[in-house]
Amino acid sequence: MNRNPKTALITGITGQDGSYLAELLLGKGYAVHGVVRRTSNLLRSRVEHLRRDENVYDKRLFLHYGDLSDGTTLRRIFSKVQPAEIYHLAGQSHVGLSFEIPESTCDEIGMATLRLLEIARDQAEPVKIYHASSSEIFGNATESPQTETTPLLPSSPYGCAKAFATQLARVYRDSYGLFVCNGILYNHESPRRGENFVTRKIARAVARIARGLEDELVLGSLESRRDWGRAQDYVVAMWLMLQHEKPDDYVVATGETHSVREFVEAAFAVVKLPWEKYVRHNRAFDRLNDPAHLVGSAEKIKATLGWQPTGSFVELVREMVEAELADASIKS
């Protein structure tokens, strides 16, 4: 049975990146299959608009129940779908939370990646794999900006798990000839970002404050800096990696950093309110062992694949705040 070259399987399809990637691939004529957990009362809000589209759902978009800890079910999905491209995005993705649940974080990220690589290795026909790595593999980096050859020095359980999975991908590429790409993505945000991430927390609180529904925003350190990009751009980078003639690793980043304070200032500027009046610092929210200076160099992916980030930092913040202001659930 020959694979359709435009059949893709996405783990983590209901997440921020998965939903944008599904839209991108559908727009390019793919049949898109996603792995979802069979969880009661699960709200798949990020892909709900696709599920409700009768021209898309069960015609070019298909969801399959499965769990990354269940290798048997994953093999059945592979056998049924026969994907030509796999985008492995699933797994516990909150760095701070990984200190609270280190075992499940490492299993969801590390062992799940190993299971997928083993299944891919057993396929009769070659399959291309994108693995979602992270800037957190560099942690307390020894150089700045970081590149694809920067030594791995993770500073969190999440970073350790991603470093393990990233190295596994390299081993399977070098040892078995699998087409596996590591996308070493730096922080990327959007209105679909999870509410437990600081950027979404800020955007949502600013909108609620502007609506008179809240009167303060409590945050950890305002001096933490991140290389923040747009999630919509970063899923394009994922797709480009699997279209290249050979697999490789790529840093995906903007090359500039901004502090949480700058994000707060830009967010409150959207609603024309003085941020100092509403923001309060609570040390309990400070991140353990916060990386010193993570900023990526995307020169390789720009030169090799022609990828370019779009929009500015201020435009990203405005997009997120305006999406919250438009949310009917927080209208006053």
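Peer 1: Can you help me understand the side chain of E85 in this one?
Peer 2: In this structure, E85 sits in strand β4 (residues 85–88). Buried and without a salt bridge, E85 has K128 as its closest oppositely charged side chain, separated by 5.6 Å. A polar contact is formed between the side chain of E85 and the side chain of Y30, at a distance of 3.0 Å. Among the polar contacts made by the side chain of E85, one reaches the side chain of Y87 at a distance of 2.6 Å.

Peer 1: Any chance you could explain the sheet that holds strand β3 (residues 61–65) here in plain terms?
Peer 2: Remark on secondary structure: sheet strands pair via backbone hydrogen bonds, oriented parallel or antiparallel. One open sheet holds the seven strands; their spatial order is β3-β2-β1-β4-β5-β6-β11, and the pairing between them is parallel. Edge positions in the sheet fall to β3 and β11 (249–252), since each of these pairs with one other strand and no more. Sheet twist, expressed as the average angle between the axes of neighbouring strands with direction ignored, equals 20°. Two strands pair when backbone bridges link them, and strand β6 (residues 179–185) and β11 are joined in this way by four bridges, in the parallel orientation. If you follow N182 over to β11, its bridge partner there is D249. Packing against the sheet, helix α1 (residues 16–27) makes contact with β1 (7–11), β2 (31–36), β3, β4 and β6, and its axis sits at approximately 170° to β1.

Peer 1: Explain helix α9 (residues 260–270) to me, please; I cannot follow it from the model alone.
Peer 2: An α-helical segment advances 3.6 residues per turn. Residues three or four places apart therefore align on the same side. Buried within α9 are the following residues: V260, F263, V264, A266, A267, F268 and V270. Turning to α9, the residues buried within the fold contact α7 (198–210), β8 (217–219), β12 (258–259), β13 (279–281) and α11 (313–325). Two residues or fewer after α9 comes K272, characterised by a positive phi angle close to 55°.

Peer 1: Even after reading the chapter, I still don't get the pairing of β1, so can you show me in this structure?
Peer 2: On a regular strand, each side chain points to the face opposite its neighbour's, so the side chains alternate between the two faces of the sheet. Taken across its five residues, β1 has five buried, putting it largely inside the fold. Both faces of β1 are covered, namely the face carrying T7, L9 and T11 and the face carrying A8 and I10. Sheet analysis places β1 next to β2, joined by five bridges and oriented parallel. Counted as the bridge partner of L9 is H33 from β2. With respect to chirality, the unit in which β1 leads through α1 into the neighbouring parallel β2 is right-handed.

Peer 1: Explain the state of the cysteines here, please?
Peer 2: Joining two cysteines, a disulfide is a covalent bond between their sulfur atoms. The tally for this structure, following the rule as stated, stands at zero disulfides. Here C106 stays free of any disulfide, with the sulfur of C160 as its closest cysteine sulfur at 6.8 Å. Residue C106 is classed as partly exposed on the basis of its relative accessible area, which comes to 33%.

Peer 1: Even after reading the chapter, I still don't get the environment of G194, so can you show me in this structure?
Peer 2: Considering the arrangement of structural elements, one finds G194 in the loop between β7 (188–189) and α7. Residue classification places G194 among the buried residues on the basis of a relative accessible area of 13%. Measuring from C-alpha to C-alpha, the distance between G194 and G96 comes to 13 Å, with 98 residues separating the pair along the chain. With near-sequence residues (within four places) excluded, G194 lies in contact with R46 and R200.

Peer 1: Is there a simple way to explain the side chain of R192 in this structure?
Peer 2: Residue position: R192 is located in the loop between β7 and α7. Once residues within four sequence positions are removed from consideration, R192 is found in contact with Q16, S19, Y20, E23, R46, H49 and R200.

What counts, and at which threshold
- Residues numbered from 1 in each chain as written.
- Predicted model: local features only at pLDDT ≥ 70, side-chain atom pairs only at ≥ 80, totals over all residues.
- Heavy atoms only, no water.
- Helix = DSSP H or I, 4+ residues; strand = E, 2+ residues; numbered from the N terminus.
- Buried < 20%, exposed > 50% of the residue type's maximum accessible area, 1.4 Å probe, protein only.
- Lys, Arg positive; Asp, Glu negative; His and termini not counted.
- Salt bridge = Lys/Arg side-chain N within 4 Å of Asp/Glu carboxyl O.
- Polar contact = N/O pair within 3.5 Å; in protein donor to acceptor, adjacent residues only side chain to side chain.
- Pairing = 2+ DSSP bridges.
- Axes fitted to C-alpha atoms, helices over the stretch in contact; angles between N-to-C directions.
- Contact = heavy atoms within 4.5 Å.
- Right-handed = clockwise from strand over helix to strand, strands pointing away.
- Disulfide = S-S within 2.5 Å.

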